[in-house]
Amino acid sequence: MTVLEKVLGRERVLVRENERALTLYKGEIKAVLTPGEHWLANRRGSLEVSRHDLKNPEFVSAYEKALFDKLPDVAARHFTVVRTGRTDVAVIERDGNLHAVLAPDRKLVLWTDAGPWKVTVIDTSADLAIDPAVMRRLGQARKAELMSVHPVVDGQAGLLFVDGVLVRTLAAGVHGFWNVGRMVQVKVVDLKRQSLDVAGQEVLTKDRVTIRVNIAAEYRVVDPVKAVSAVKDFSEALYRALQYAFRKTLGALTLDQILEKKVTVDEEAAAKVRADMAEIGVEVSDIALKDVILPGEMREILNQVVSAEKQAEANIIRRREETNATRSLLNTARVMAENPVMLRLKELEALETIAGKVERLTVHNGTGGLLNDLVKLRDN
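Residues numbered from 1 in each chain as written. Predicted model: local features only at pLDDT ≥ 70, side-chain atom pairs only at ≥ 80, totals over all residues. Heavy atoms only, no water.

(A) Region of the structure containing the overall build of the protein chain. Across its full length, the protein chain holds 11 helices and 18 strands. Counting across all 380 residues of the protein chain, residues that qualify as buried make up 33%. For the protein chain, contacts bridging at least 24 residues in sequence account for 65% of all contacts bridging at least 6. Total accessible area on the protein chain is roughly 24000 Å²; 50% of this is exposed by carbon and sulfur atoms. (Helix = DSSP H or I, 4+ residues; strand = E, 2+ residues; numbered from the N terminus. Buried < 20%, exposed > 50% of the residue type's maximum accessible area, 1.4 Å probe, protein only. Contact = heavy atoms within 4.5 Å. Areas by Shrake-Rupley, 256 points an atom, 1.4 Å probe, with all protein chains shown as cover.)

(B) Spatial organisation of the sheet that holds strand β7 (residues 88-94). One open sheet accounts for three strands, arranged β8-β7-β10; its pairing is antiparallel. Both outer strands of the open sheet, β8 (97-102) and β10 (117-123), are each paired with one neighbouring strand and no more. Going across the sheet, the axis of each strand differs from the next one's by a mean of 20°, ignoring polarity. As paired strands, β7 and β8 are joined by five bridges and run antiparallel to one another. From the neighbouring strand, Glu-93 faces β8, where its bridge partner is Leu-98. (Pairing = 2+ DSSP bridges. Axes fitted to C-alpha atoms, helices over the stretch in contact; angles between N-to-C directions.)

(C) How the structure looks around the nonpolar core. Ile-211, Leu-242, Val-273, Val-282 and Ile-287 are the most contacted members of the largest nonpolar core, which totals 36 residues. Elements supplying a minimum of two residues to this core: β12 (156-162), β16 (194-204), β17 (210-221), α5 (224-230), α6 (234-251), α7 (255-260), α8 (262-278) and β18 (282-293). If one sorts the elements of this core by residue count, α6 sits on top with seven residues. Discounting residues that sit within four places of it in the chain, Ile-211 has contacts with Gln-201, Glu-202, Val-203, Thr-205, Leu-255, Ile-258, Val-292, Ile-293 and Leu-294. Core analysis: the second largest hydrophobic core is formed by 22 residues, Leu-24, Ile-29, Phe-59 and Leu-102 among them. (Core = buried A, V, L, I, M, F, W, Y, C linked by side-chain atoms within 4.5 Å.)

(D) Up close: the packing of aromatic side chains. Per the stated rule, a full pass over the model turns up four aromatic pairs. Counting every residue linked through ring pairs, the aromatic cluster contains Phe-59, Phe-68, Phe-79 and Trp-111. (Phe/Tyr/Trp six-rings, centres within 6.5 Å; stacked < 30°, edge-to-face > 60°.)

(E) Spatial organisation of helix α4 (residues 132-140). Here α4 starts with a cap whose side-chain oxygen sits 2.9 Å from the backbone nitrogen of Ala-133, and that cap is Asp-131. Where α4 ends, the next residue or the one after it, Arg-142, has phi of about 55°, a positive value. (Polar contact = N/O pair within 3.5 Å; in protein donor to acceptor, adjacent residues only side chain to side chain.)

(F) Highlighting unusual backbone geometry. Between Gly-115 and Pro-116 the backbone carries a cis peptide bond, its omega angle lying at 10°. Look at Lys-26: it is not a glycine, yet its phi comes out positive at around 50°. Along the chain, Lys-26 turns up in the loop between β2 (19-25) and β3 (28-33). The backbone of Arg-142 sits at a positive phi, close to 55°, despite the residue not being glycine. Along the chain, Arg-142 turns up in the loop between α4 and β11 (147-152). Arg-142 gets classed as exposed once you look at its relative accessible area, which sits at 73%.

(G) Structural detail: the sheet that holds β3. Strand order in the open sheet formed by three strands is β3-β2-β5, and the pairing between neighbours is antiparallel. Each edge of the open sheet is held by one strand with a lone partner, namely β3 and β5 (47-53). Taking the axes of each pair of neighbouring strands and ignoring which way they run, one obtains an average angle of 20° across the sheet. Here seven bridges tie β2 to β5, and the two strands are oriented antiparallel to one another.

(H) Molecular detail of the side chain of Thr-124. Relative to the assigned elements, Thr-124 resides in the loop between β10 and α4. Setting aside chain neighbours within four positions, we find Thr-124 in contact with Thr-87, Val-89, Trp-178, Val-180 and Arg-182.

(I) Representation of α6 within the structure. Its 18 residues place the ends of α6 25 Å apart at the C-alpha level, agreeing with the 26 Å of an ideal helix rising 1.5 Å per residue. For α6, the full list of buried residues reads Phe-234, Leu-238, Ala-241, Leu-242, Gln-243, Ala-245, Phe-246, Thr-249 and Leu-250. (Expected span 1.5 Å × (residues − 1).)

(J) The arrangement of the pattern of salt bridges in detail. All chains considered together, the criterion is met by 13 salt bridges. Between Glu-19 and Arg-51 there is a salt bridge, with the nearest N and O atoms lying 3.1 Å from each other. Of the two residues, Glu-19 sits in strand β2 while Arg-51 sits in strand β5, which places them 32 residues apart along the sequence. According to the relative accessible area criterion, Glu-19 is buried, its value standing at 13%. Each member of the salt-bridge network shares a partner with another, and the members are Arg-16, Glu-19 and Arg-51. (Salt bridge = Lys/Arg side-chain N within 4 Å of Asp/Glu carboxyl O.)

(K) Layout of the pairing of strand β9 (residues 107-111). Within β9, four of the five residues are buried, leaving the element largely enclosed by the surrounding structure. The pairing of strand β6 (residues 79-83) with β9 spans five bridges and is classified as antiparallel. Among the inter-strand pairings, Phe-79 is bridged to a residue of β9, identified as Trp-111.

Purely geometric stuff here, so don't read any function into it on its own.
The structure is reproduced here in structure tokens:
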């Protein structure tokens, strides 16, 4: 600073291209300085300069209100002001790139020269859904603080609830919603065919035998809205329906009837279950009583009964075979009695068999009649 400058009470202020400066004289806001060299009054150190780097395009200053109140034209020339209402969201782009997302009831002041700026204000009062293209840009720019994302895959339906009220059903895809003051929930319902097992269900039969049964069912949701709104949990409702139907059906039958007519029991129980579940939007197809598990002592008794039945069947077969054998011997004896030559031939066969097994066979007075008969046969 030269002697003349000191005498005149002026100060040189240099503002670079990446800067803007606010000047105050004797504590009062005076101007916004653009790039270049500025000579400003500074008697007795009354000049104050507040510099701002445009690398940070957001204007945050204790002098903001004074600037806009006292120098509105200057403020309008240098600043872009973004305001949102109670249900608005503002998407702010800087030179084509996503810069910020402004929540409802907010204000953001930007240096205009740091732009160019593009501001899109979205009213969320009618619909909280985010355009898919905007949703992708928010995710890529890591500006998803005000967004909730809900994927729904093929074979599923998404039920959108806003503040606990069902709004609509969402098809397969990725859905984004503004999370601004209202509670957004998406309940995903699987529409594919599924299986449900009820294992180890205890049932008291009509003859007061406690058994355990395993039940299996296949089902699919055909009306997701009804399935979700009619009951708290439709799969739990199906589980209970299977329990109740089979307890009621099997409890009216004896153990022998259950073991002998398993298919009939399934059909009776299935009709009741299908009717109940159709009322809440669930279609039940196959229902099967997979296993009937007996108590240990009952299994032992049944094993004894089965063993006795099999033994009785074996005895009957044995007696039938003995009878057939006896009848065959009787027929053979009758033939031999009526034909002496046949009897003699049988005797020869027996002797031949015996002779083949011993070294010497002695016959005392036993072959006379036999030889005589053979001679007679030869003469004939």
